[in-house]
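Residue strings, one per chain:
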Amino acid sequence: MAYAKNKNPRYSKPKKRSREPDSFIIAKNTILTTIILSIIIVILAFFFSFLLNPERIAKQDLEKISRNYYETYLYEVISKGESPGEIMKKYEESGLPKVTLRELLLLDDRISPELQTYCDKNETYVKFFPEKPYGKNNYHVEYNYSCTF
């Protein structure tokens, strides 16, 4: 049995697809790739600027060494005499005398170069305010930064 040809005028044989991609598809893919790469580069730039921010690093280091100074040195010195509560009570409002960055560095020199490079060692200081019940971890700190970031 022979097959009859389709005599419908609207019917046409499907065209063979060429193996070469359409130039529109190439352009579209190129634009999408460029946009995606640009977004990735912007995200990476923000990520690295946050990680390598010298101001943030210097402030974190000052907080770390001041906490270490108070808890391992200053509180131990104060608590050797009379009861630490009596001594600390005197400084609850006015705070203990300020401690400069230079003094902090005498006890803890393991700090980042950002803190040593950008901050003035004589003008950057911390001030400790003891809080009730005057324990080793009962205090708050005021920071005075004299830094050029």
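Quantities reported herein were computed from a predicted structural model and do not represent experimental measurements.

Caption draft 1: Focus on the overall build of the protein chain. The number of helices and strands found in the protein chain is five helices and three strands. Ordering the α and β elements of the protein chain from the N terminus gives α-α-α-β-α-α-β-β. Looking at the protein chain residue by residue over its 149 residues, the buried ones come to 24%. At a minimum sequence separation of 6, the contacts of the protein chain that also span at least 24 residues come to 64%. A total accessible area of about 11700 Å² is found for the protein chain, and carbon and sulfur atoms account for 56% of it.

Caption draft 2: Structural view of the packing of aromatic side chains. Per the counting criterion, the structure on display carries eight aromatic pairs. A ring pair is formed by phenylalanine 47 and phenylalanine 48, whose centres lie 5.5 Å apart and whose planes are at 70°; its orientation type is edge-to-face. For phenylalanine 48, a relative accessible area of 44% puts it in the partly exposed group. A centroid spacing of 6.3 Å and a plane angle of 45° characterise the contact between tyrosine 70 and tyrosine 75, whose relative ring orientation is tilted. Taken individually, tyrosine 70 and tyrosine 75 each receive the classification buried, so the pair is uniform in this respect. Here the aromatic residues Tyr69, Tyr70, Tyr73, Tyr75, Phe128 and Tyr139 are joined through ring pairs into a cluster of three or more. Taking the ring centre of tyrosine 145 as reference, the NZ or CZ of lysine 59 above it sits at 5.1 Å. It is lysine 98 that lies over the ring of tyrosine 125; its NZ or CZ is 4.6 Å from the centre.

Caption draft 3: Spatial organisation of the pattern of salt bridges. Taken as a whole and assessed by the stated rule, the structure comprises three salt bridges. The shortest N-O distance in the salt bridge between lysine 64 and aspartate 61 comes to 3.9 Å. Taken together, the positions of lysine 64 and aspartate 61, both in helix H2 (residues 54–80) and three residues apart, correspond to about one turn of that helix. Judged by relative accessible area, which is 10%, aspartate 61 ranks as buried. We note a salt bridge from glutamate 76 to lysine 136, for which the minimum N-O separation is 3.3 Å.

Caption draft 4: Just H2, in detail. If you check H2, its first and last C-alpha atoms are 38 Å apart, about what 27 residues at 1.5 Å a residue would give, namely 39 Å. Its axis deflected by about 40° at tyrosine 70, H2 carries its strongest bend there. For H2, every residue scored as buried is listed here: Ile57, Ala58, Asp61, Leu62, Ile65, Ser66, Tyr69, Tyr70, Glu71, Leu74, Tyr75 and Ile78. You can read the cap of H2 off the contacts: a side-chain oxygen lies 3.1 Å from the backbone nitrogen of glutamate 55, and it is on asparagine 53.

Caption draft 5: Geometry of the sheet that holds strand S2 (residues 125–130). Pairing in this open sheet of three strands is antiparallel, and the strands run S1-S2-S3 from one edge to the other. The sheet is open, and its two edges are formed by strand S1 (99–100) and strand S3 (139–144), each paired on a single side. As judged from the two bridges shared by S1 and S2, these two strands associate in the antiparallel manner. Residue pairing across strands places valine 99 opposite valine 126, the latter belonging to S2. Strands in contact with H2 are S1, S2 and S3; relative to S2, the strand with the most contacts, it is inclined by about 50°.

Caption draft 6: A look at the pairing of S2. For S2 and S3, the ladder comprises six bridges, and the chain directions are antiparallel. Bridging across to S3, phenylalanine 129 finds its partner in histidine 140.

Rules and cut-offs
Residues numbered from 1 in each chain as written. Predicted model: local features only at pLDDT ≥ 70, side-chain atom pairs only at ≥ 80, totals over all residues. Heavy atoms only, no water. Helix = DSSP H or I, 4+ residues; strand = E, 2+ residues; numbered from the N terminus. Buried < 20%, exposed > 50% of the residue type's maximum accessible area, 1.4 Å probe, protein only. Contact = heavy atoms within 4.5 Å. Areas by Shrake-Rupley, 256 points an atom, 1.4 Å probe, with all protein chains shown as cover. Phe/Tyr/Trp six-rings, centres within 6.5 Å; stacked < 30°, edge-to-face > 60°. Lys NZ or Arg CZ within 6 Å of the ring centre and 35° of its normal. Salt bridge = Lys/Arg side-chain N within 4 Å of Asp/Glu carboxyl O. Expected span 1.5 Å × (residues − 1). Bend = angle between axes of the 7 residues up to and from the residue. Polar contact = N/O pair within 3.5 Å; in protein donor to acceptor, adjacent residues only side chain to side chain. Pairing = 2+ DSSP bridges. Axes fitted to C-alpha atoms, helices over the stretch in contact; angles between N-to-C directions.

No statement about biological role is implied by the geometric values presented.
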